[in-house]
Structures are given as structure tokens and as C-alpha cells.
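# Fold and contact review
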Amino acid sequence: MNIIVTGGAGFIGSNFIFHMLKEHPDYRIICLDKLTYAGNLSTLEPVMDNPNFRFVKLDICDREGVYKLFEEEYPDMVVNFAAESHVDRSIENPEVFLQTNIIGTATLMDACRKYGIQRYHQVSTDEVYGDLPLDRPDLFFTEETPIHTSSPYSSSKAGADLLVLAYHRTYGLPVTISRCSNNYGPYHFPEKLIPLMIINCLHDKPLPVYGEGLNVRDWLYVEDHCRAIDLIIHNGKVGEVYNVGGHNEMKNIDIVKLICKELGKPETLITHVTDRKGHDMRYAIDPTKIHNDLGWLPETKFADGIKKTIQWYLDNEDWWQPIVSGEYQDYYEKMYKNR
Ligand code: NAD
Ligand code: DAU
């Protein structure tokens, strides 16, 4: 089995590559990644010498390059993680989100149509469903929940999902889609809530909580997400959408307080800053379908996963220090200085 994994130098894609090479040692994995600010080749160092692994630096929007790679590799499957993934950046500059997340997805699927494929899998997000009110804890996102996006990021992901389903209906492309809740774990880029708070805590820097910090996210350990995608690409039904989430809803403020506690830092580091524009209040996935149809269940409890994650950042300063001391500094200044 030859699988092209796009965006494999990012957070979830790299964890997926490690998972696949471990669980399916006879598969060949080709990682296609543009290495944007969020891609990090050093993450893939442990597998670079694996004869069943190949890294190719490429933009998923580069049609010629993508077709050439398909002619070289004739993949059986494509799993598309490549995306601009940060909501705050999409609010600052939507254009690259439309380019990568929509045009890039179409380019990959055109290659799949041209050269043939057993499965195209689109890694999507629960954010395509918009948000839920805090006072209705009985409501959850199912696969039937209408698309109702809030940010340029989620709109670009929703646009891609609609295209994927259209390529299935119009051209018969064998597609599946997974819509997952917030992931956390190793190799998470430090612009996102959990790694940002861990690293700021370690530097005794203010912990910038947007608004009151009452927004709720449904956190899933990244390895559980990787297992879900592995199941879907092998056993999922073509044309179907699968929601992935672990019924682990937490308020942002509680996560930040927990990180302070684990690292022995005072809560006085917490600073409430201007809220995100259009900030989604609550995400909550109903994972009944993937549980009933494919037998998937999350395995890592949040209490364990957050400890493992914090420990990983303590043990792997070599990974995140070059990131936070580079152009990330400019990003941080721009996003947080006068917030
Ligand atoms: P990330 O930002 O950490 O990584 C994205 C990767 O894609 C990087 O390696 C980057 O270099 C690469 N990339 C970006 N543009 C590219 C392009 N034009 N061509 C080729 N490669 C390109 O993202 P992540 O958090 O790992 O998310 C991966 C996928 O999962 C995304 O599609 C995202 O929408 C989705 N998702 C993320 C979460 C989450 O909590 N992080 C939850 C649900 C779904
Ligand atoms: O739900 C899935 C989505 O989860 C993915 O599709 C996205 O790619 C991923 O980035 C993530 O989106 P969020 O916007 O939920 O994640 P983020 O880590 O940016 O923020 C989590 C919450 O924390 C959100 O309510 C905003 C808040 N926050 C975030 C940052 C970076 C803060 O309060 N302070 C911060 O500094």
C-alpha cells in the first residue's frame, strides 16, 4: 500500500505518519509538505532513514508537481492533512487559507481522478458546524448538523468538504471525510492554546486568555485521532463523513489553570485579553457513528494526556526553542502586544 500523506511535517500529520509506520510496517508512506511556518522537517527526523518513508517538499496547489509525484508513486490512497490551520491567522489574512485549503484540495483530487485512487481521505474539523450555545449542554454536532461556519478558516475547510463530496457524487471519487475536535499532544505548534500556555508558563510570561475564557473545546489526544483516521481509510464507507471526538469538553480557563498547577506556576500569570473576533463558544462532537460503525473509542483520558503532553514539552525544548525564538517572535508581538 502506497499512501501520500500531505501536511505530514505538521502536528497531526507527523503523528499520523509515526502511527502508520508503526502499525503498518509494510506500507510505504510518502509525505508531501510545503514546509510553511507550521511545517518542521526536524519532526520527521526519526523516520527519515526508514526505507518505507519518503519526504517531498511540495505545495498541494502545485498541479504540475502533484501530477509528477503521482506518476512517480501511483499512490493507493491520499490522506490530506495539509492546510492553513490557525483561526487567528485566518482572521488576519484569509487569502492563503482559500488557496491552500480549497484550491489545494481540488488539485489533489484532480490528481486522484487522473491517475486513479482507492481512497481520498479529507481531514476536516468540527469547526465546519459552527458553534453551540453554552446553555444547551444537551446539543452535540452529528454528521447531519448543517454546515454553519464562523471564521475564514472554518469556511475554507467547509468549502473543501463540499468539494470533496461533490467530487464523489459527480466523478465517483472514492472519498471519506473525518471531522475532528481539538487535538493536543506532541509536536503541536506553539501558536495554539495548549502549547502556547505551556511554553509561556515555562518562561513565566503572561498567559493570554481570550475574553473570559469560558469558551468550551472538546479535546482529543492526537494518537486517538490518528487511530480514527487509520480505521476510516481501511473500513470506512466511501462517500461518508465521520465525526471524531471524545466527549471531553473543557473551558479554556480551566485548561490554563490546570497547566499552571501541573507546572507549579501561579494563576496570577493569567491575563485576560481582547476576545477573538467571531469567537465560537462551544464545540462538542457526537462520536456515535464512528463508534457504532467502526468500533472507535478514545483511549487517552484528558488527565493522562495533558500530563504526557506537558512532559513532552519539558523533554523536547530542542524541538520548540528554535520555533519560538525565530519568526514566531514577530507573530507573537503582532497578535498579542496591544491586545
Ligand atoms: P498544522 O498547521 O500543524 O500543520 C499543517 C501542515 O500542512 C504543515 O506541515 C504545513 O507545512 C503543511 N502545509 C500548509 N500549507 C501547505 C500547502 N499549500 N502544501 C503542502 N503542505 C502545506 O496543522 P494540524 O493542526 O496538524 O492540522 C492538520 C489538519 O487537521 C488540518 O487540515 C486541520 O484543518 C485539521 N484539524 C486540526 C485539528 C487540530 O486540533 N489541530 C482538529 C481537527 C482538524
Ligand atoms: O476544533 C478543531 C480546531 O481546533 C481545528 O480545526 C483548528 O485547526 C485548531 O487550531 C483548533 O482551533 P481552535 O481555535 O479551537 O484552537 P486554538 O488553540 O487556537 O484555541 C483554542 C481556544 O483557546 C479558543 O477558544 C481560543 C482560545 N485561545 C487561544 C489562544 C491561541 C486563548 O484564549 N488564548 C490564546 O492565546
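Everything below is about the structure printed above this text.
Since this is a predicted model, take the numbers as computed values, not measurements.

## Some words on the environment of Ile194
- Within the secondary structure, Ile194 sits in helix H6 (residues 193-202).
- You can call Ile194 buried: its relative accessible area is 1%.
- As a C-alpha pair, Ile194 and Val244 span 50 residues in sequence and 19 Å in three-dimensional space.
- Sequence-distant contacts of Ile194, defined by excluding residues within four places in its chain, comprise Tyr184, Trp219, Ile255, Ile259, Ile306 and Thr309.

## Notes on the sheet that holds strand E5 (residues 119-125)
- The seven strands lie next to each other as E3-E2-E1-E4-E5-E6-E11, forming an open sheet whose pairing is parallel. At either end of the open sheet lies a strand with only one pairing partner, and these are strand E3 (53-57) and strand E11 (241-244). On average, each strand axis in the sheet is inclined to that of its neighbour by 20°, with strand direction left out of account.
- Packing of helix H7 (residues 222-235) onto the sheet brings it into contact with strand E1 (2-6), strand E4 (77-80), E5, strand E6 (175-180) and E11, and relative to E5 it is tilted by some 145°.

## Some words on the packing of aromatic side chains
- Applying the stated criterion to the full structure yields 23 aromatic pairs.
- Both rings, one in Tyr184 and one in Trp219, keep their centres 6.4 Å apart while their planes meet at 80°; by these two values the pair is edge-to-face. Of this pair, Tyr184 sits in strand E7 (residues 183-184) while Trp219 sits in the loop between strand E9 (216-218) and strand E10 (220-221), and the two are 35 residues apart along the sequence. Trp219 matches Tyr184 in its accessibility class, with the two residues each being buried.

## A closer look at the pattern of salt bridges
- Applying the stated criterion across every chain yields a total of 19 salt bridges.
- Measuring nitrogen to oxygen at the nearest pair gives 2.7 Å for the salt bridge that ties Arg28 to Glu73. Of this pair, Arg28 sits in strand E2 (residues 28-33) while Glu73 sits in helix H2 (residues 63-73), and the two are 45 residues apart along the sequence.
- Given a relative accessible area of 9%, Glu73 falls into the buried group.
- For Glu299, the salt bridge is made with Arg227, and the minimal N-O distance between the two is 3.7 Å. One end of the pair, Glu299, is in the loop between helix H9 (288-294) and helix H10 (302-315); the other, Arg227, is in helix H7, and 72 residues separate them in sequence.
- Note on Glu299: relative accessible area 62%, which makes it exposed.

## Brief notes about the site of ligand 1
- Taken together, 28 residues are adjacent to ligand 1, and Ile12, Asp33, Ser85, Tyr153 and Lys157 come closest.
- Here a nitrogen atom of ligand 1 and a side-chain polar atom of Asp59 are 2.9 Å apart.
- Between Lys157 and ligand 1, the recorded distance is 2.7 Å, taken from a side-chain N or O atom to an oxygen atom.
- Here ligand 1 has 840 Å² of accessible area as a free molecule, and 97% of this is covered by the chains.
- At the level of elements, helix H1 (11-23), E5 and helix H5 (152-171) are the ones that each hand at least two residues to the shell around ligand 1.
- Top contributing element to the shell around ligand 1 by residue count: E5, with three residues.

Thresholds, definitions, all that
Residues numbered from 1 in each chain as written. Chains lettered and ligands numbered in written order. Predicted model: local features only at pLDDT ≥ 70, side-chain atom pairs only at ≥ 80, totals over all residues. Heavy atoms only, no water. Helix = DSSP H or I, 4+ residues; strand = E, 2+ residues; numbered from the N terminus. Buried < 20%, exposed > 50% of the residue type's maximum accessible area, 1.4 Å probe, protein only. Contact = heavy atoms within 4.5 Å. Pairing = 2+ DSSP bridges. Axes fitted to C-alpha atoms, helices over the stretch in contact; angles between N-to-C directions. Phe/Tyr/Trp six-rings, centres within 6.5 Å; stacked < 30°, edge-to-face > 60°. Salt bridge = Lys/Arg side-chain N within 4 Å of Asp/Glu carboxyl O. Near = heavy atom within 4 Å. Polar contact = N/O pair within 3.5 Å; in protein donor to acceptor, adjacent residues only side chain to side chain. Areas by Shrake-Rupley, 256 points an atom, 1.4 Å probe, with all protein chains shown as cover.

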